[in-house]
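# Descriptive structure summary
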Amino acid sequence: MSNNVNRQFRLKSRPVGKIKTTDFDLVEEPVPTPGPGEAVIRNLYLSLDPTNRIWMSDMDQYMPPVEIGAVMRGGGIGKVVASNSDAYKVGDTVSGLLGWQDYYVAGPNDEIPVGVLPAELPVGLPTMLGACGLTGLTAYFGLLELGQPKAGETVVVSAAAGAVGSVVGQIAKLNGCRTVGIAGGPEKCKWIVEELGFDAAVDYKAPDWREQLEAVTPDGIDVNFENVGGEIMEAVMARMNLFSRMPLCGMISGYNTDEPMRGDFSPILMRRINVRGFIVTDFMEKYAEATMELATWVATGKIKSQETIVEGLENAPTAVNKLFEGENLGKLVVKIADE
Ligand SMILES: NC(=O)c1ccc[n+]([C@@H]2O[C@H](COP(=O)([O-])OP(=O)(O)OC[C@H]3O[C@@H](n4cnc5c(N)ncnc54)[C@H](OP(=O)(O)O)[C@@H]3O)[C@@H](O)[C@H]2O)c1
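Predicted model only: the values in this text are computed from it and were never measured.

All right, on to the nonpolar core then. Formed by 47 residues in total, the largest nonpolar core has its most connected members in Leu-143, Ile-171 and Ile-192. Breaking this core down by element, the ones donating at least two residues are β3 (39-47), α2 (125-129), α3 (134-147), β8 (154-158), α4 (163-174), α5 (186-194), β11 (221-225) and α9 (287-299). If you look at the next biggest cluster of nonpolar residues, it comprises 44 residues, including Leu-11, Leu-213, Met-246 and Val-334.

Below you can see the structure in the form of structure tokens.
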């Protein structure tokens, strides 16, 4: 932890394949002071997300790529430590795109304003990045608004032991659905069934994963919450029912390659599957209400939140690869400083 300098990870080169520490420069700047209308935030927790890899690339994407030489973009939670702004007071806990650094300067020119969190939170700060943060909101809107699950229907979610997937499955259960998670390895599969209450799991790393999928979806699939893409998406689509829904949340299996995603998309036509890509920010105007509902579910134990916490900002570039190697359970967070 650093109180005297502002360590910043600046993007040095666009990764080829897996992210490498050499793709970044770690620079030390003086701790910033706030200009007129600005506030300085001490970053406490950094959210690591598959989209970090997208932002590092110059592929066509939903936000501008991070420029070479710029501080790496990343979501986070911090505390206001100095302020010349009416919007922020010292001691406020805030959340926003604070970047891979120790301190962030918030101000009126922020493209996406940093938000002030309520003084009393029903859950811990890491959970405010996970089940009760953008992660939970992604699961909430993707499943409920786009997936339109009905009681008794079969919902399948890939990357089911990850941040978004673990919440999707639990919300689907709250809605009375039969819930199937696809995850890598027997431990993750056991966890989603025994701890999170999924009805069944498919271990996609097992040689017989296609047979497993068939066995646990005897009535086909009504909602596929897609997080992975590639072969898994193709196999799930092949089992989708007439007029089923497929919220397309992510395609992590392709993020480390420049290859376009290929597959058999004929079920979309033949079974009239409603495929809808989305970014959580599409639902920004409904965040407050949904966050309240997610926080209530977590606080009352209806949804279990899980975080994998890595200590130290200096470890962010290596830790982010955990997402691509399946080394996280639930939400992956870096702890930058003590609260
Ligand atoms: N649209 C949006 O607004 C939005 C917002 C947030 C996230 N997302 C997307 O949602 C997905 C999940 O994100 P998350 O933040 O919740 O991450 P996460 O699921 O916590 O972590 C990624 C997980 O993906 C699995 N995975 C990685 N590479 C894989 C591969 N090649 N094949 C199969 N599984 C693989 C790993 O689990 P296993 O151990 O099971 O392999 C890993 O733990 C990503 O595609 C992400 O881009 C979209």
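Further notes follow.
The next point concerns the side chain of Thr-127. With respect to the element layout, Thr-127 can be found in helix α2. Owing to a relative accessible area of 8%, Thr-127 belongs among the buried residues under this scheme. In contact with Thr-127, not counting residues within four places along its chain, are Cys-132, Gly-133, Val-298, Ser-305 and Glu-307.

Among the 27 residues in the neighbourhood of the ligand, the closest are listed as Val-164, Lys-188, Tyr-204, Val-280 and Asn-328. Between the ligand and the protein, one listed contact pairs an oxygen atom with a side-chain N or O atom of Tyr-204 at 2.4 Å. In the model, an oxygen atom of the ligand is placed 2.7 Å from a nitrogen or oxygen of the Val-280 main chain. Every element with two or more residues in the shell around the ligand is listed here: α4 and α11 (322-325).

With their axes 11 Å apart at the nearest point, helix α6 (residues 209-216) and helix α7 (residues 230-237) run at an angle of 35° to one another. For α6 against α7, the interelement crossing comes out right-handed. The residues of α7 that touch α6, namely those facing Trp-209, Arg-210 and Leu-213, are Glu-231, Ile-232, Ala-235 and Val-236.

For strand β9 (residues 178-183), the buried fraction is high: 5 of the 6 residues fall into the buried class. Relative to β9, β8 runs parallel, the two sharing 5 bridges. Its bridge partner lying in β9, Val-155 is registered against Thr-179. Tracing the backbone out of β8, into α4 and back to the parallel element β9 gives a crossover that is right-handed. Pairing geometry for β9 and strand β10 (residues 200-203), over 4 bridges, is parallel. Bridge pairing links Ile-182 to Val-202 in β10.

This brings us to the domain arrangement of the protein chain. Buried accessible area, meaning the area lost when the parts come together, often serves as the stated size of an interface. Each assigned domain of the protein chain is listed here: domain 1 (5-130 + 305-335) and domain 2 (134-281). Taking the mean C-alpha position of each, domain 1 and domain 2 sit 28 Å from one another. With 17 residues of domain 1 in contact, the opposing surface of domain 2 contributes 14 residues. Across the interface of domain 1 and domain 2, roughly 1300 Å² is buried in total on both sides, 59% from carbon and sulfur atoms. Summed over the shared surface of domain 1 and domain 2, the number is 0 salt bridges. At the surface where domain 1 touches domain 2, the tally comes to 7 residue pairs in polar contact (both at pLDDT 80 or more). Looking at the side of domain 1 that touches domain 2, the elements that each hand over two or more residues are α1 (50-56) and α11.

This part is about the side chain of Arg-42. Of note, Arg-42 is situated in strand β3. Given a relative accessible area of 6%, Arg-42 falls into the buried group. A polar contact is formed between the side chain of Arg-42 and the side chain of Asp-102, at a distance of 3.1 Å.

Quick notes on the rules
- Residues numbered from 1 in each chain as written.
- Predicted model: local features only at pLDDT ≥ 70, side-chain atom pairs only at ≥ 80, totals over all residues.
- Heavy atoms only, no water.
- Core = buried A, V, L, I, M, F, W, Y, C linked by side-chain atoms within 4.5 Å.
- Buried < 20%, exposed > 50% of the residue type's maximum accessible area, 1.4 Å probe, protein only.
- Helix = DSSP H or I, 4+ residues; strand = E, 2+ residues; numbered from the N terminus.
- Contact = heavy atoms within 4.5 Å.
- Near = heavy atom within 4 Å.
- Polar contact = N/O pair within 3.5 Å; in protein donor to acceptor, adjacent residues only side chain to side chain.
- Axes fitted to C-alpha atoms, helices over the stretch in contact; angles between N-to-C directions.
- Left-handed = near helix turned anticlockwise from the far one by under 90°.
- Pairing = 2+ DSSP bridges.
- Right-handed = clockwise from strand over helix to strand, strands pointing away.
- Domains from an automatic or database assignment.
- Buried area = accessible area lost by both parts, 1.4 Å probe.
- Salt bridge = Lys/Arg side-chain N within 4 Å of Asp/Glu carboxyl O.

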